[in-house]
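Letter by letter, the chains look like this.
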Amino acid sequence: MSSNENWVLGVTLGLLGSIAINTGNNIQSLGLKSIREKVVPSEKDSPSRKTSKRYSLSLLSPTKSQIAPSYEDEGSAPHVGDVGDRSPIGSIIWLLGTFIFVSGSLLNFASYAFSAQSMLASLESVQFVT
């Protein structure tokens, strides 16, 4: 491949990488949302709306067990940092999104070997549009 055609390969890899990064990020978000829906009961699922409590859960905020161990229950004390079933590692959707995200990042990294950075940096904005 001649040097005149290298920039085409670089631009193609850069665009594919940016699209893969955005797609992977969206799939990761979908996986986290599915985990959140499994952990937090919604008001629609409860038989009586008057007796149901409204729960809010953010996977980025610390849980009660991460802030301080709770000894209120008569059972064993929780371990600090224990997040129970909320770990995204167990979600196939989240793992797929992570794989696509990392693959897109590697494609983006490889594109810099074939094209000028000044050309590729402006093309990376595609990941925010797709």
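Residues numbered from 1 in each chain as written. Predicted model: local features only at pLDDT ≥ 70, side-chain atom pairs only at ≥ 80, totals over all residues. Heavy atoms only, no water.

Asks: What is the right way to read the side chain of Q28 from this model?
Replies: On the secondary structure map, Q28 appears in helix α1 (residues 3–39). Among the residues examined, Q28 registers a relative accessible area of 15% and is labelled buried. Beyond its immediate sequence surroundings of up to four residues, Q28 is in contact with W94, G97 and T98. (Helix = DSSP H or I, 4+ residues; strand = E, 2+ residues; numbered from the N terminus. Buried < 20%, exposed > 50% of the residue type's maximum accessible area, 1.4 Å probe, protein only. Contact = heavy atoms within 4.5 Å.)

Asks: Looking at this structure, how should I read the side chain of N108?
Replies: Inspection of the secondary structure puts N108 in helix α3 (residues 92–111). Look at N108 and you get buried, because its relative accessible area is 7%. The residues contacting N108, other than those within four sequence positions of it, are L13, G14, G17, S18, I21 and E124.

Asks: Any chance you could explain the confidence of the model for the chain here in plain terms?
Replies: Close inspection of predicted coordinates is inappropriate for parts of the model with low pLDDT. Here the chain averages 75 in pLDDT, while 61% of its residues score no lower than 70. Highest mean pLDDT in the chain belongs to α3 (95); lowest belongs to helix α2 (residues 64–67) (51). Scored below 50 in pLDDT, residues 49–55 makes 6 contacts in the model with residues more than four places away or belonging to other chains. Scored below 50 in pLDDT, residues 78–83 shows 12 contacts in the model against residues more than four places distant or in partner chains. (pLDDT = per-residue confidence, 0-100.)

Asks: Would you explain the environment of G14 in this entry?
Replies: Structurally, the position occupied by G14 is in helix α1. Accessibility expressed as a relative area gives 6% for G14, which makes it buried. The sequence separation of G14 and Y112 amounts to 98 residues, and the corresponding C-alpha distance is 7.9 Å. Residues within four places of G14 in sequence aside, it is in contact with N108 and S111.

Asks: Is there a simple way to think about the environment of A116 in this case?
Replies: Mapped onto the secondary structure, A116 falls in the loop between α3 and α4 (117–123). The spatial distance from the C-alpha of A116 to the C-alpha of N6 is 9.9 Å, given a sequence separation of 110 residues.

Asks: Explanation requested: a nonpolar patch on the surface in the structure shown.
Replies: A surface patch of nonpolar side chains, about 270 Å² in accessible area, is lined by W7, V8 and M119. Among the structural elements, V8 can be located in helix α1. (Patch = residues over 30% accessible without salt bridge, like charges linked within 9 Å, V, L, I, M, F, W, Y side chains within 5 Å. Areas by Shrake-Rupley, 256 points an atom, 1.4 Å probe, with all protein chains shown as cover. Salt bridge = Lys/Arg side-chain N within 4 Å of Asp/Glu carboxyl O.)

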